[in-house]
Amino acid sequence: MHVLFVSACEKRAIKKTRAVLDSFALRTGEKAWATPITTEGLHEVRLALKRVATRQTAVACYRNEGRQRMKLLWIVGSRNAFGPDGHFPAGYRLAKNTTPIAEWLRVASLLAQAAGWGHDIGKASTLFQAKLRAATPSKDAVRHEWVSMRVLQLMRAGKNWDDAWQSLRGTKILQDNRLENGLHSAADTLDYLLVTHHRLLGPIKAMTEPDESNHFSGEIIDLAPQGALSEKPFETIPALLARIEQKTADKSAAYWRGISVYTRAALIMADHVISARPYGKPPEDGMFANTKAGNLDQPLNWHLNEVAHAAGDFAYRIGNLRLPSLSEQSLEAICQPVTKAAYQWQDRAADALAAFRRDSDLPVLALNMAGTGSGKTRMNARAACVLSQGRVRFAVALNLRALTLQTGDAYREQLAIGPDELACIIGDRITTKLHQQSRLATPDDADENEAETEFDVTPGEFDVPAWLEEFAAGKPNFNTILGAPILISTIDFLIAAGMPHKQGHHVAALLRLLDSDLVLDEVDGYDPKPLVAVLRLVQMAALFGRNVICSTATLAEPVANALYEAYYSGARMRAALEGSEPAFACALFDDTRLIPDIVRFNASFAFADLYRKRIERQRQKTPTMAERLAFLQTVTERSPSCWQESVATAAERLHAAHGWTHKASGKRVSFGLVRMANIIPAIATARFLAERLPNSRIACYHSQDFLIQRFLKEQTLDRLLRRHNGNTAIEADLEIRDLLAASPYDETIFIVVATPVEEIGRDHDFDWAVIEPSSTRSIVQTAGRVNRHRHDKVTEPNIAIMQYNHRWARNEKVVFCKPGYESGDSPYNTKDLSVLLDWQNLRAIDAGLMFDGHRFAQFDNDAIDRMLNKPLDRQFDLNQATPWWIGQALYEAYPLRDKERQDEFYLDEDGKFRLIDFSGSVERRDLVHQEPSKNTWLTCDTDSLFEHCHSHGIATKMGMKVTVPALKDNSVLIYDSSFGFFVDNE
């Protein structure tokens, strides 16, 4: 391509950008350059310019598109130097900003300012001032936020400063919070902001109505002020409330809840920023807000004044946040039409979304229900680009760290997104380093808030507005997280946008979501409890008017309905802020030939009917030629040994039907998957198969293994089982050749016994699979790892579904659980898959298993419905009499990850297992070692694992680490040197 660069830089930036552009292009004028260049070369130019960019930098790049026009591809630096289409101005004139400020945003700014004036009034107490001067830290009998709220409540009721404090000496009056009915006015919302700017209301664990237990211990205390504060807060707060009340007559609870999200974020930011500012030399006497390095720091009056002004300013800026968007060059790469017939559904979906967007600017809840292996990842990005209105920014949230890195690779390689527009967030630096090594080796508090979680982020240089710089101080990844046009993240980071008790982390995630559409991959992969946390994120995105794109091939009806309810709840809050009716659209599309459904919300809109009808039409369009067929593997006796024998029988039958000839050896091979629900049975089954099938090679893949060992297994499986080019990689693999050459058998069965880590996060293509059922979804997702890339049409079953699962074989009563949806309160009336599935009408194993009237799917759906019913009402019903959402218990009861205790061990180079604890580590001699099994595959001895750690630059303490459930008094940690670790509690 031929490109033109035009510079509008000023001052020192002129010299720096000229040096960069001169090294890539020829000057055609004083401020212009032109050159032919490749796409990769253009990425390099943009990166080089960004590395030297300052606030005086402004460089535009245009591509010559023949006689028609010069097309703007990107701008580095200030966009204000160019027009919307990249035109360079002929002149300038001073003009006033005539863009009207939304009324709700004015209210948010005023309310945040009022909260800033009052947020730390409670620090005037003698107790808090003594605490600041104490030599050792102590726990508050009553939190200063609570005192701030109660003092201002009493002063609003007519009491003066001294009388208000005198009243609070009575424990009953101190306990009264007056928020039991939720937020219905400016005063209610102000009280909520004051009392929650460090923590939400209690309780923390018990699911009872919000109360004072998180702020007040209930002790009788002598509460009195150290002195009088300036009159400024007590003059300003009533005046601000009066102005707000004039603007907000008859506003609904949805309005005040929506306002509170913006204002609370602004208050937390302001308190954080101002508390971190150096004050200078403080006076020796008086009341103070905080300390630094053990010394009294900011006078309380000064702190209140500064936070008030900063909070009001931040609320306005948050409401108008605009961050860097994707370049036209990258937008073109993402939106280019597909070339393969199998992916043409993406063009149909994108065209329909584009047609809708030309006629409407409504935000959209989009459900991408395409099947496994159909290119959903690319389509999600394309949908985000098409639905964006001029400025393309989106965040992709995934449930697995490894999948986050894989998706990042896909965006870079398949969509040609450069590192200056893409960032990846995970939480594990060792995972990142090992992944990067595999890419090389295999071508293809001063503010009193709790410490914030640190996330590991792939390197990148991104700019954010100057007003955010103080908040970003001490957060090395903040600019990358916020500034990257495309963010690919483990959902653990973004989820905090819907978790207000996470304070600073909540604000950072909220800022990202404010100016970014949201893509949720495999949204049905969450159990009901963590799904509630994901739905809170959807609610926040809808409040901010963002598009939300959810993708999965197995979207159960209760999950689809829950997504809609969460989005509708956020849209209602948005509409309340804007003084309008909820306005959004729902889009449903898939990889069939059906035209996408895009329906605008109205008073008679019934999402459940829309979804159900879509599924019915989708099933009618499903191809008749099957890629995955199944048979029922019977289990004749209720015992683990009989169950394992049935697995072996199924494996032999499947190998006989789907084995193929390895050209180099002339021997017959197949690569199969045995899906197990849990680790202990998986290891036991792997050992059984290794003994039972002498012509097999067995690997066991799960999470309780040395980190380096798991990485090596994944690396090998990724190389062998990405079979877009058929069996080429397997045929060329030297290890496979050596194993076959050494085998005395004419046939070899390669089997991976795996837990659900395989069915969720790996892009593998097996010849066949044996499935232990946990839910209908587990069957469909595991089946998606069979014939995934080759898409061969089959006439013989390539999947065996066990008649019963392993829990049944162990005589347990509740069997479809952990994972699964069955519970003791709502048991399924049969555990037999011959009854749970309608085998006479089972055409093929695909998403239809969840929708074609099978009893198993109905039981799963009913269980999900029951588990979601109460939290959906408490979190998303804006008319709830009890404001559950202002208490921490609601968020603790439905977290993204369960807080189960875990133990971490590592093997040192002296061969000693050491338990990692707070003091460092301690040797554990009570581990039980199991001897190596026969016929193992993908297993290294410990000496080889140490060598791999060294070669990959990973400390052995990290590479040889394994994480297991916390050991109990009667627990024994067993190390199976062939198949990994497990904890025996018997």
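Residues numbered from 1 in each chain as written. Predicted model: local features only at pLDDT ≥ 70, side-chain atom pairs only at ≥ 80, totals over all residues. Heavy atoms only, no water.

K.L.:
Got a minute to help me understand the overall build of the protein chain in this structure?
P.N.:
Looking only at helices and strands, one finds 36 helices and 30 strands in the protein chain. The globule rule puts the C-alpha radius of gyration for 986 residues at 30 Å, and the 31 Å found for the protein chain is close to it. Each principal axis of the C-alpha distribution contributes one length, and for the protein chain these read about 90 × 80 × 65 Å. For the protein chain, the accessible surface area stands at approximately 41,000 Å², while carbon and sulfur atoms represent 48% of it. (Helix = DSSP H or I, 4+ residues; strand = E, 2+ residues; numbered from the N terminus. Rg over C-alpha atoms; globule rule 2.2 N^0.38 Å. Areas by Shrake-Rupley, 256 points an atom, 1.4 Å probe, with all protein chains shown as cover.)

K.L.:
It is not clear to me how the packing of helix α26 (residues 707–721) against helix α35 (residues 942–951) should be interpreted in this structure. Could you clarify?
P.N.:
Two quantities define a packed helix pair, namely the angle between the helix axes and the distance between the axes. Put simply, α26 and α35 touch, their axes get as near as 10 Å, and they point 80° apart. Looking at the two axes, α26 sits roughly perpendicular to α35. Counted together, I708, Q709 and L712 of α26 and L945, H948 and C949 of α35 form the full contact between these two elements. Taken together, the residues that form the contact of α26 with α35 break down as four nonpolar, two polar and no charged. (Axes fitted to C-alpha atoms, helices over the stretch in contact; angles between N-to-C directions. Parallel < 35°, antiparallel > 145°, perpendicular 65-115°, else oblique. Contact = heavy atoms within 4.5 Å. Nonpolar A, V, L, I, M, F, W, Y, C, P; charged D, E, K, R; others polar.)

K.L.:
Which parts of the structure should I look at to understand the sheet that holds strand β30 (residues 980–984)?
P.N.:
What links the strands of a sheet is backbone hydrogen bonding, and the strands pair in either a parallel or an antiparallel sense. The mixed open sheet is built from three strands, whose spatial order is β27-β29-β30. Every other strand in the sheet has two partners, leaving β27 (928–930) and β30 as the edge strands with one partner each. Shown here is a sheet whose adjacent strand axes are inclined to one another by a mean of 25°, direction ignored. Sheet strands touched by helix α25 (residues 679–692): β27, β29 (972–976) and β30. Its angle to β30, the strand with the most contacts, is close to 120°. (Pairing = 2+ DSSP bridges.)

K.L.:
Please clarify how unusual backbone geometry should be interpreted in this entry.
P.N.:
With glycine set apart, most residues show a phi of negative sign, and most peptide bonds adopt trans. The omega torsion of the bond from G202 to P203 falls at -5°, within 30 degrees of zero and hence cis. Mapped onto the secondary structure, P203 falls in the loop between α8 (186–196) and α9 (232–247). Following K818, the chain continues to P819 via a peptide bond in cis, the omega torsion being 5°. Along the chain, the position of P819 falls in the loop between α31 (806–809) and α32 (833–836). Backbone geometry at D250 places phi at a positive 65°, although glycine is not the residue there. With respect to the helices and strands, the residue D250 is situated in the loop between α9 and α10 (253–276).

K.L.:
Mind showing me how you'd approach the packing of aromatic side chains here?
P.N.:
Between two aromatic rings, the relevant description is the distance of the centres plus the angle of the planes. All told, the structure shown has 37 aromatic pairs when counted by the stated rule. Where Y279 meets W302, the ring centres are 5.0 Å apart and the plane angle is 75°; that geometry is what we call edge-to-face. Of this pair, Y279 sits in the loop between α10 and β6 (291–292) while W302 sits in helix α11 (residues 300–319), placing them 23 residues apart in sequence. On the accessibility criterion, Y279 (29% relative accessible area) is partly exposed. Ring centres of F671 and F750 lie 4.6 Å apart, and the angle between their planes is 5°; this geometry places the pair in the stacked category. Of the two residues, F671 is situated in strand β19 (residues 668–675) and F750 in strand β21 (residues 747–754); the sequence distance between them amounts to 79 residues. (Phe/Tyr/Trp six-rings, centres within 6.5 Å; stacked < 30°, edge-to-face > 60°. Buried < 20%, exposed > 50% of the residue type's maximum accessible area, 1.4 Å probe, protein only.)

K.L.:
Where do I start with the UniProt feature "domain: HD Cas3-type" (unreviewed entry) in the protein chain in this structure?
P.N.:
In this structure's numbering, the residues bearing the UniProt feature "domain: HD Cas3-type" (unreviewed entry) are residues 100–273. From the first C-alpha to the last, residues 100–273 spans 28 Å; its make-up is 56% helix and 0% strand. (UniProt positions renumbered as here; feature names shortened; annotations may be inferred.)

K.L.:
Please clarify how the pattern of salt bridges should be interpreted in this entry.
P.N.:
Side chains that differ in sign of charge can pair as their charged atoms come close. Under the defined criterion, the tally for this structure stands at 59 salt bridges. Across the salt bridge formed by E65 and R63, the nearest N and O atoms sit 2.6 Å from each other. D515 is the partner of R391 in a salt bridge, and the nearest nitrogen-oxygen pair spans 2.7 Å. Owing to a relative accessible area of 27%, R391 belongs among the partly exposed residues under this scheme. A residue is classified by how much of its surface remains accessible, and D515, at 1% relative accessible area, is buried. (Salt bridge = Lys/Arg side-chain N within 4 Å of Asp/Glu carboxyl O.)

K.L.:
So what exactly am I meant to see when it comes to the sheet that holds strand β1 (residues 2–7) here?
P.N.:
Taken in spatial order, the five strands of this open sheet run β2-β3-β1-β4-β5, and their pairing is antiparallel. The open sheet has two edge strands with one neighbour each: β2 (26–29) and β5 (70–77). The sheet shows a mean angle of 25° between the axes of neighbouring strands, taken without regard to direction. By the bridge criterion, three bridges tie β2 to strand β3 (residues 32–36) in an arrangement that is antiparallel. Bridged to L26 within β3 is A34. The strands touched by helix α1 (residues 12–22) are β1, β2, β3 and β4 (58–64); relative to β3, the strand with the most contacts, the crossing angle is about 20°. Packed on one face of the sheet, helix α2 (residues 39–52) meets β1, β4 and β5 and runs near 30° to β5.

K.L.:
Explain helix α4 (residues 126–133) to me, please; I cannot follow it from the model alone.
P.N.:
Structurally, the α-helix is built with 3.6 residues per turn, so residues lying three or four positions apart point the same way. For α4, every residue scored as buried is listed here: F128, Q129 and L132. Angular distribution of buried residues about the axis of α4 spans 100°; they occupy a single face of the element. Where the residues of α4 are buried, they touch α5 (144–156), β6 and β7 (295–296). (Arc of directions from axis to C-beta.)

K.L.:
I'm lost on the pairing of strand β22 (residues 768–771) in this one. Help?
P.N.:
Here is the key point about a regular strand: its side chains alternate between the two faces of the sheet. Residue alternation in β22 divides its side chains into two sets, W768 and V770 and A769 and I771, and both sets are buried. Here β19 runs beside β22; their pairing, made up of four bridges, is parallel. The partner of L673 across the bridge, within β22, is A769. Where β22 and strand β23 (residues 799–802) come together, three bridges link them in parallel fashion. In the strand pairing of β23, I771 is matched with I801. With respect to chirality, the unit in which β22 leads through helix α30 (residues 776–783) into the neighbouring parallel β23 is right-handed. (Right-handed = clockwise from strand over helix to strand, strands pointing away.)

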